[in-house]
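Chains, contacts and geometry: an overview
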Amino acid sequence: MDNLNEKGTILLVDDEPVVLDVGTLMIQKFGYNVLQATNGKEASQIFRDNAEGICLVILDMKLPDELGSNTCKRLKEIRPDLKVLHTSGLGGIRGGDSLECGCDRFLLKPFKIEELYNTLKNLLVEK
């Protein structure tokens, strides 16, 4: 797989260590730097500190301290043009719920590396 962009940073937010580890490896394979957060408060602080350098946020829908939808809204208040990919391992969650809160796309976990690559590619080339 070729790099989606020359450079960029993606903020990966999930409370599961294995998702952070595997997700980081996948995203780095695409040529991106990765910042990690394990909850909404941490994600918000990391984003505030790095807002201009982050091209996309991958955000779990259910975090230990709040719903991912609340984190998404807060991040979009800081930077409205931010692209956010909502993810969930809960089969009952619908992608439409993600779009209603301001996220740009939804991906059900577990996903294959090709699914993540294609989703990121589509999100990052959209204007």
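Note that the structure is predicted; figures quoted are calculated from it, not measured.

So, about the pairing of strand S3 (residues 54-60). Burial within S3 is extensive, with seven of its seven residues counted as buried. Where strand S1 (residues 9-13) and S3 come together, five bridges link them in parallel fashion. Paired with Thr9 across the bridge in S3 is Ile54. Two elements, S3 and strand S4 (residues 83-88), share five bridges in a ladder whose sense is parallel. Paired with Leu59 across the two strands is His86, which belongs to S4. For the crossover that starts at S3, traverses helix H3 (residues 68-78) and ends in the parallel S4, the hand is right-handed.

Here the focus is H3. Residues of H3 that are buried include every one of Gly68, Ser69, Thr71, Cys72, Leu75 and Lys76, and no others. One side of H3 holds all its buried residues, which, seen down the axis, span an arc of 155 degrees. As for H3, its buried residues are in contact with helix H2 (40-50), S3 and S4.

Let's shift gears to unusual backbone geometry. The omega torsion across Lys109 and Pro110 is -5 degrees, close enough to zero to call that bond cis. In this structure, Pro110 sits in the loop between strand S5 (105-108) and helix H5 (113-125).

So, on to the sheet that holds S5. Strand order across the open sheet formed by five strands is S2-S1-S3-S4-S5, with parallel pairing between neighbours. Each edge of the sheet is formed by a strand with only one pairing partner; in this case those strands are strand S2 (33-37) and S5. Each strand axis lies, on average, 20 degrees off the axis of its neighbour in the sheet, ignoring direction. Sheet contacts for H3: S3 and S4; angle to S3, the most-contacted strand, approximately 160 degrees.

Cut-offs used in this document
- Residues numbered from 1 in each chain as written.
- Predicted model: local features only at pLDDT ≥ 70, side-chain atom pairs only at ≥ 80, totals over all residues.
- Heavy atoms only, no water.
- Buried < 20%, exposed > 50% of the residue type's maximum accessible area, 1.4 Å probe, protein only.
- Helix = DSSP H or I, 4+ residues; strand = E, 2+ residues; numbered from the N terminus.
- Pairing = 2+ DSSP bridges.
- Right-handed = clockwise from strand over helix to strand, strands pointing away.
- Arc of directions from axis to C-beta.
- Contact = heavy atoms within 4.5 Å.
- Axes fitted to C-alpha atoms, helices over the stretch in contact; angles between N-to-C directions.

Any functional reading would require information beyond the geometric quantities listed.
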